[in-house]
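Architecture and fold: a report
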Number of protein chains: 2
Amino acid sequence: MFQIKAKDGLARVGELNIRGKKITTPTIAVVVNPNKMTVPIKDLKDFDLIITNSYIIKSSKSRKEIEKKGLHKFFRWNKPIYTDSGTFQMYSIGDARITNEETLEFQKKIRSDIITPLDVFTFPDDDYTTAKRKLEETFKRIEAAKEMKEDRLLCQPIQGGKFLDLRKKACSKVYGDIAAIGGIVPLMEKYNFKDLVDIIMTCKMSLPQNIPIHAFGAGNPQIFALLVAMGVDIFDSAAYALYASRGAYMTIEKIIDINELKEMHELPCTCDVCKGRSPSEMTEELIARHNLNVTLDEIRKIRVAIKGGRFFEFLVNRARLHADIYSAYIHLLKEYGKFMEEFVSLKKKKAPHFLGMETKLRPDVKVALRLYKERVGSKVNPSFKEVFPFNMLGGENVFKFSKKEFSDMKRIEKLVDFQFGKGIGKKVLKGAVIEKSRKTGRIRRILKKGGVYATIRPGDGRIVFGDEGMRDIFKLAKDYYVKIDKEAVPFVKKGKSVFCKFVKDVGSFLAGDQVAIVDEKGEYIGNGDALLSPKEIMDFDSGVAVVVRKN
Amino acid sequence: MFQIKAKDGLARVGELNIRGKKITTPTIAVVVNPNKMTVPIKDLKDFDLIITNSYIIKSSKSRKEIEKKGLHKFFRWNKPIYTDSGTFQMYSIGDARITNEETLEFQKKIRSDIITPLDVFTFPDDDYTTAKRKLEETFKRIEAAKEMKEDRLLCQPIQGGKFLDLRKKACSKVYGDIAAIGGIVPLMEKYNFKDLVDIIMTCKMSLPQNIPIHAFGAGNPQIFALLVAMGVDIFDSAAYALYASRGAYMTIEKIIDINELKEMHELPCTCDVCKGRSPSEMTEELIARHNLNVTLDEIRKIRVAIKGGRFFEFLVNRARLHADIYSAYIHLLKEYGKFMEEFVSLKKKKAPHFLGMETKLRPDVKVALRLYKERVGSKVNPSFKEVFPFNMLGGENVFKFSKKEFSDMKRIEKLVDFQFGKGIGKKVLKGAVIEKSRKTGRIRRILKKGGVYATIRPGDGRIVFGDEGMRDIFKLAKDYYVKIDKEAVPFVKKGKSVFCKFVKDVGSFLAGDQVAIVDEKGEYIGNGDALLSPKEIMDFDSGVAVVVRKN
């Protein structure tokens, strides 16, 4: 139902299959209200998901029509539709006029694709006992919803207020298909992003990796990158319309009052709404359309940054949009960096950038330095300056390089040690010969046993073994393996990717690492690059685990 | 001819009058080549200036037509047109087929609005003697051009290669209306932005403030903010088309190869070119159009950030687009911060943001801390937490606050000292009474002599004196004045702004400071907020110097 297509740390581009319709995450569920359509549905075609409130629909004048036609026909929208139960609305008017069963039946009746039980909303100032009681009641309701959902996706609301152990508990039993972290709007409204980080990370660390995470009510694109860095997959936004209704014009750098822009006679944007217009022409609807463009733009930029392996650089930038985002980001790196380290990859197309002192806190930098220290030595040898992340632009601010370069052979041996374990390089490279590029003078290939034993990958400078080489590596680096079901063996032999569902067991390595693929008896049958981290491989049932290298 | 409309440090929004047509700076001169129009002129209507190469036109097949019609009719463009002499093209093909007089005559003939003499191009590896000889020859040519220019604007090329003293010399005599800093393309191509900072700042520090600065060949929008921070007003860009010709798709975060985006099936943009398109649909022309949108977007965002007084926050963000931009930006703050301090303002609508350790290097922060230390004390009193820049979000990372708050009266006295000089507060506030807001409990007004003597401005927490108060202040704070021509006195008395051309002399203060306006005899006649710094007021002949406060 959900799979990872590309990732960079905890940030991931995924594919979510909603009753046969596939959408790409991170994505935004655009909030639509049948009583007030600021932007007509037909103009939302660049988005993949809308969300509407079943509670509002139930009391709207269009109720009868929607019950009859279903949401898709009513809205003329053939992509997926997500419904919220209206918990928040109900509690904010303090009148629980509907039961869990009623809302779920109603959501089914109006043909929602993703249904949400009536969770018991936890207020930020609820005390522990109250929050706990609400959580237990919510669990019962999710359980009931699971019985009723049929082929629909079920949203599991994660409550618990500010009590992190309750949030953890709320994530301990997973019945739903999407984990929707709720009760965070008050924090976001107060720009209390530090507490937001604690809540989201507590959930992320407690949930299995294969469940998509929805940050309920997160609609300000300025914080999308921070949320994605923590593994959030879905946002929803009424913000585009709410902001527009009070004249708030979004730019990724700052939300600006349209009256301020009117004084400046300038719109700082070239989206299809703003390019030829002046601020005085901006109606509420046009501001809403523009705000949607900014939101879409940011989602697209985030996806492209993840796919391009430069999400961290992107995040560094977005962390500077506001002092409160910046402090939350530093908090994330300091408090949760250790957990994030498990998900990094050292396989990168491009060198990283030094962009301020927190570059030292990058989880991939920390992992690399730890591995280097354990396996190679304390000071980084300058011959590693072509190896990620030591190839960093401005890296002298982060890494202490020793003075004397390794000889060519030692350099390759140590590179193998860095990638697979101390002392392995010397053993596997016995009798090997180094071949350099005549043009650049750089080491390109390692020859042994009359063939190409390994190559050096441009971009990140890592060594990539051929089949012969990887067979030898696996004898020494026992943790670098993925064990697959016998059913999948013939496919791997043909060079097809290893899918998560056929993985029986994994060793210990990083996403991006070259690993041996072994059968149930532990016999080497091929190799490839892990697309995911071991935990992700084990948690996911769907999608590619290892991209197999053809020989 | 040139005036400042809004400023934030050296960054400025200006109005440049080109033969009666007014354009807003910072701006980009879009490079158009009659032999290869990647984007038709009619689609450049969102831009205000185009630049074309007279040398290319001279040898183009359209030459006759252009000579006959003039550039404006030929291009169907009724906004200003800038022509380059073609120095670079001539030197790069190594064949000087034209003299200075010939190119100037030709530029006049084709009815250019801004003409450029044939300067002698300095290569980055020219030795000092060669560079110096070229500079002297260039001076002669500029001098000749000045004789010929008539009502046209004259571009004064600033050469000197990497020799900063030659750059300084090239700025020591100003004959032109625009200073075009040349020979920087090779540096920008190599991402050597640190040397670029040295060159631009050397020029900026040597040129008078009223001359618009053109960074010749700067077309990558990623470095616009850095250049604007140094006082650059004009960019020119062939980059939109050159990049497009090699499939380079601009985003402000990164220039991306269109083939990489094709693999990702996603365009990270919502401009009017990209919103409904997929990467595979992007032709060279469409990429060029998109690149122009990104360029325009950045120019607009920069102008809005300056007008909104939050340019530094914007710069902090843009400094993180690339490690080489980041290191150049830190170099700028460290090496040229002292010069930049002269141009800052402490009058701001919004609190500044702590966005990383270099926030301590902000010129306005450094000025404020120096003034505080000189006039109030070493540790910042917490009662200053509502005063810019001590009202910084995350300010505890930058300022050492003492523990005990000042009493209300002492607080206001010290605020006056901070703004106008040590000991002044106690003297002027003798007998004054503080009035607080009933709603917020904040100090709002200072009453004295039976009237409102001063108010506290929300936003930056500064004290603003009424006419009576400012009269008293000026008796003690002798440097806070602008002396005007007698001609202007009646206008000031009616509350009209003081224009630069009527200023005879200025004291010592910062842009944004409240100053007394005095007549030629030094008699107080009114007060207002300086829009510009003293140096800018003296250098400019046009535009507002002080916005007069009406009583």
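Structure: see above.
Described below are features of the structure shown in this document. Residue numbers here run from 1 along each chain, matching the order of that chain's written sequence. All chains are assigned letters beginning with A, and all ligands numbers beginning with 1, in the order in which they are written. Local features in a predicted model are, by the rule used here, given only for residues with pLDDT of at least 70; side-chain atom pairs are given and counted only at 80 or more, and totals for whole chains, interfaces and linings are based on all residues. To obtain the side-chain values, all non-hydrogen atoms of the structure were included, while hydrogens and water were left out.

**Focus: the overall build of chain A**
A run of H or I in DSSP becomes a helix once it reaches four residues, and a run of E becomes a strand once it reaches two; helices and strands are each numbered from the N terminus. Along chain A, the regular secondary structure elements total 21 helices and 23 strands. The C-alpha atoms of chain A give a radius of gyration of 26 Å, which matches the 24 Å a tight globule of 551 residues would have. For the exposure calls, accessible area comes from a 1.4 Å probe over protein chains only, and a residue counts as buried if that area is under 20% of its type's maximum, exposed if over 50%, partly exposed in between. For chain A, the residues scored as buried account for 64% of the 551 residues in total. Here the accessible surface of atoms and residues is derived via Shrake-Rupley with a 1.4 Å probe, and residues count as covered only by protein chains that are part of the display. Of the roughly 21900 Å² of accessible surface on chain A, 49% is carried by carbon and sulfur atoms. Neither His nor the chain termini are counted; the positive set is Lys and Arg, and the negative set is Asp and Glu. Charged groups are reduced to one reference atom each: NZ for lysine, CZ for arginine, CG for aspartic acid, CD for glutamic acid. Charged side chains of chain A number 99 positive and 72 negative; the gap between the two group centres comes to 6 Å. C-alpha atoms define the radius of gyration, and 2.2 Å times the number of residues to the power 0.38 defines the globule rule.

**A look at the pattern of salt bridges**
Should a side-chain nitrogen of Lys or Arg be within 4 Å of a carboxyl oxygen of Asp or Glu, the pair is scored as a salt bridge. Considering all chains together, one arrives at 94 salt bridges over all chains under this definition. Here Glu536 of chain B and Lys7 of chain B are joined by a salt bridge, their closest N and O atoms 2.8 Å apart. Of this pair, Glu536 of chain B sits in helix H21 (residues 534-539) while Lys7 of chain B sits in strand S1 (residues 2-8), and the two are 529 residues apart along the sequence. Each member of the pair, Glu536 of chain B together with Lys7 of chain B, is buried. When salt bridges that share partners are traced, they join Asp8, Glu313, Lys348, Arg362 and Asp364 of chain A into one network.

**Observations regarding helix H14 (residues 311-318) of chain A**
A large share of H14 of chain A lies buried, amounting to eight of its eight residues. Every buried residue belonging to H14 of chain A is among Phe311, Phe312, Glu313, Phe314, Leu315, Val316, Asn317 and Arg318 of chain A, and all of these are buried.

**Points about the environment of Lys366 of chain B**
The residue Lys366 of chain B is located in helix H16 (residues 363-375) in this model. Contacts were defined at the residue level, with two residues in contact if any of their heavy atoms lie within 4.5 Å. Setting aside residues up to four positions removed in sequence, Lys366 of chain B forms contacts with Glu341, Lys360 and Leu361 of chain B.

**Here's the deal with the relation of the copies chain B and chain A**
When the copies are superposed, the least-squares fit draws on C-alpha atoms of residues that have pLDDT of at least 70 in both. For the pair chain B and chain A, the relating rotation is 180°, the translation along its axis is 0.0 Å, and the fit reaches an RMSD of 0.0 Å. Such a turn and shift between the copies fits a two-fold axis. A share of 100% of the interface residues of chain B reappears at the interface of chain A, consistent with the copies meeting face to face through the same patch.

**Observations concerning the interface of chain B and chain A**
Between chain B and chain A, the residue contacts involve 45 residues of the former and 45 residues of the latter. Buried surface area refers to the total accessible area, computed with a probe of radius 1.4 Å, that the two partners give up upon joining, counted for both partners together. Contact between chain B and chain A buries roughly 4300 Å² in total, counting both sides, with carbon and sulfur atoms accounting for 53%. Counting every contact that joins chain B to chain A gives 10 salt bridges. A salt bridge links Asp272 of chain B to Lys275 of chain A; the shortest N-O distance between them is 3.5 Å. As used in this structure description, the phrase polar contact means that two N or O atoms lie within 3.5 Å; if the pair is within protein, one of them must be able to donate a hydrogen and the other to accept it, and residues adjacent in sequence are counted only when both atoms belong to side chains. The tally of links from chain B across to chain A stands at 25 residue pairs in polar contact (both at pLDDT 80 or more). Among the secondary structure elements, those contributing two or more residues to the side of chain B that touches chain A are helix H12 (258-264), helix H13 (284-307), helix H14 (311-318) and helix H15 (323-341) of chain B. With eight residues, H13 of chain B is the single largest residue contributor to the side of chain B that touches chain A. Only Asp, Glu, Lys and Arg are considered charged in this grouping, and only Ala, Val, Leu, Ile, Met, Phe, Trp, Tyr, Cys and Pro are considered nonpolar; every other residue, Gly among them, is considered polar. Here the residues of the side of chain B that touches chain A sort into 19 nonpolar, nine polar and 17 charged.

**Brief notes about a positive patch on the surface**
Taken together, Lys360, Lys379, Lys400 and Lys403 of chain A make up a surface patch of like positive charges. Within the element layout of this structure, Lys403 of chain A appears in the loop between helix H16 (363-375) and helix H17 (408-420). For patch detection, residues must exceed 30% relative accessible area and be free of salt bridges, and they are connected within 9 Å for like charges or within 5 Å for nonpolar side chains (Val, Leu, Ile, Met, Phe, Trp, Tyr).

**Digging into the pairing of strand S2 (residues 11-18) of chain A**
Residues and elements named next belong to chain A. Taking burial as the measure, the eight residues of S2 include seven buried ones, the bulk of the element. Taken together, the six bridges between strand S1 (residues 2-8) and S2 define a ladder with antiparallel strand orientation. Within S2, the residue paired with Phe2 across the bridge is Leu16. Between S1 and the antiparallel strand that follows it, S2, lie two residues; Gly9 among them carries a positive phi value of about 70°. When DSSP finds two or more bridges between two strands, those strands count as paired. Of the pairings in the sheet, the one linking S2 to strand S3 (residues 21-25) comprises five bridges and is antiparallel in character. Among the inter-strand pairings, Glu15 is bridged to a residue of S3, identified as Thr24. The loop that links S2 with its antiparallel partner S3 comprises two residues; one of these, Arg19, has a positive phi angle of about 45°.

**Points about the sheet that holds strand S17 (residues 463-465) of chain B**
Strand-to-strand pairing in sheets goes through backbone hydrogen bonds, with the strands running parallel or antiparallel. Residue and element names in this part refer to chain B. Spatial ordering of the open sheet is given by S14-S15-S16-S17, a layout of four strands whose pairing is antiparallel. Of all strands in the sheet, those bounded by a partner on one side alone are strand S14 (433-436) and S17. Sheet twist, expressed as the mean angle between neighbouring strand axes with direction ignored, is 30°. Bridge analysis of S14 against strand S15 (residues 443-448) gives four bridges, and the strand direction is antiparallel. Its bridge partner lying in S15, Glu435 is registered against Arg445. Contacts from helix H17 (residues 408-420) reach S14, S15, strand S16 (451-456) and S17 within the one sheet, and its direction differs from that of S17 by about 75°. Axes here refer to lines fitted to C-alpha atoms; in helices the fit is confined to the stretch in contact. Angles between the N-to-C directions go from 0 to 180 degrees. Contacts from helix H19 (residues 467-476) reach S16 and S17, with the element oriented near 100° to S17.

**Examining unusual backbone geometry**
Put simply, Thr25 of chain A and Pro26 of chain A share a cis peptide bond, and its omega is -5°. Counting through the fold element by element, Pro26 of chain A comes out in the loop between S3 and strand S4 (27-32). Its identity is not glycine, yet Arg111 of chain A carries a phi of approximately 65°, on the positive side. In this fold, Arg111 of chain A is placed in the loop between helix H5 (100-109) and strand S7 (114-115). Despite not being glycine, Arg76 of chain B shows a phi value in the positive range, around 50°. Residue position: Arg76 of chain B is located in the loop between helix H3 (71-75) and strand S6 (81-84).

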